[in-house]
Amino acid sequence: MAYVAPRENKRGEITSYQVKWRLEGSRDGGPQNERFDDEDSAEVFKQAVDDTVSSGPPGGSRGRVTSLRSVTAE
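This report concerns the structure included in the present document. Because the structure is a prediction, the values reported are computed rather than measured. Throughout this document, residue positions are counted from 1 along each chain, in the order its sequence is written. It should be noted that, the model being predicted, local features are given only for residues of pLDDT at least 70 and side-chain atom pairs only at 80 or more, the latter also being counted only at that level, while totals for whole chains, interfaces and linings use all residues. Side-chain measures here rest on the full set of heavy atoms in the structure, leaving out hydrogens and waters.

1. With respect to the sheet that holds strand β3 (residues 31–36)
Worth spelling out the cut-off: By the convention used here, strands pair only if DSSP detects at least 2 bridges between them. Comment: elements are numbered from the N terminus, with helices defined as DSSP H or I runs of at least four residues and strands as E runs of at least two. Whenever a helix is involved, its axis is fitted only over the stretch in contact; in every case the axis is a line through C-alpha atoms, and angles between N-to-C directions fall within 0 to 180 degrees.
Overall, antiparallel pairing links the 3 strands, which are arranged β1-β2-β3 in an open sheet. Two strands close off the open sheet at either side, each with one partner strand: β1 (3–8) and β3. The average angle at which neighbouring strand axes cross in this sheet is 30 degrees, direction not considered. With 6 bridges connecting them, strand β2 (residues 14–22) and β3 associate as antiparallel partners. Pairing of Val19 across the sheet is with Glu34, part of β3.

2. Things to note about a negative patch on the surface
We count it as follows: Nonpolar side chains (Val, Leu, Ile, Met, Phe, Trp, Tyr) within 5 Å and like charges within 9 Å form the patches, drawn only from residues with over 30% relative accessible area and no salt bridge. Only the protein chains shown count as cover for residues, and all accessible areas are computed by the Shrake-Rupley method using a 1.4 Å probe. Any Lys or Arg side-chain nitrogen found within 4 Å of a carboxyl oxygen on Asp or Glu counts as a salt bridge. We score Asp and Glu as negative and Lys and Arg as positive, and we do not count His or the chain ends. For this purpose, a charge sits on NZ of Lys, CZ of Arg, CG of Asp or CD of Glu.
Taken together, Asp38, Glu39, Asp40 and Glu43 make up a surface patch of like negative charges. Position of Glu43 among the secondary structure elements: in helix α1 (residues 39–55).

3. Section: the nonpolar core
As a reminder, the rule being used: Nonpolar core, defined: a set of buried Ala, Val, Leu, Ile, Met, Phe, Trp, Tyr and Cys residues in which side-chain atoms within 4.5 Å join the residues together. Only protein chains enter the accessibility calculation, which uses a 1.4 Å probe. A residue is then buried if its area is under 20% of the maximum for its type, exposed if over 50%, and partly exposed in between. Whether two residues touch is decided by their heavy atoms; if any such pair falls within 4.5 Å, the residues are in contact.
In terms of nonpolar packing, the biggest core is built from 9 residues, these being Ala2, Val4, Tyr17, Val19, Trp21, Phe36, Ala42, Phe45 and Val49. Among the secondary structure elements, those contributing two or more residues to this core are β2 and α1. Every residue in contact with Ala2, bar those within four places of it in the chain, is listed here: Val19, Lys20, Trp21, Lys46, Val49 and Asp50.

4. A word on the pairing of β2
Summarising the sheet, β1 and β2 pair through 6 bridges and their orientation is antiparallel. Residue pairing for β2: Val4 is matched across the bridge by Val19. Turn length for the β1-β2 hairpin, with the two strands adjacent in sequence and antiparallel, is 5 residues, and the turn residue Gly12 shows positive phi of about 85 degrees.

5. Digging into the environment of Glu43
Glu43 gets classed as partly exposed once you look at its relative accessible area, which sits at 37%. Sequence-wise, Glu43 and Val4 are 39 residues apart; in three dimensions their C-alpha atoms are separated by 7.0 Å.

Here it is as structure tokens:
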């Protein structure tokens, strides 16, 4: 499962949003993240990560995120 983490500056103002998840959808997978300037974009990407983990990538194993290049390239 991915989650969105707001990133704050020293004054406590939210400056960006970071989507965090584990590679291959497991706790043993390497930590991954992607930064966004707005919360809506972060939520869309988070949903894409979650959908990929739950349905599996084309030709891949269910429950394993190996790449989201097609999502990040858009």
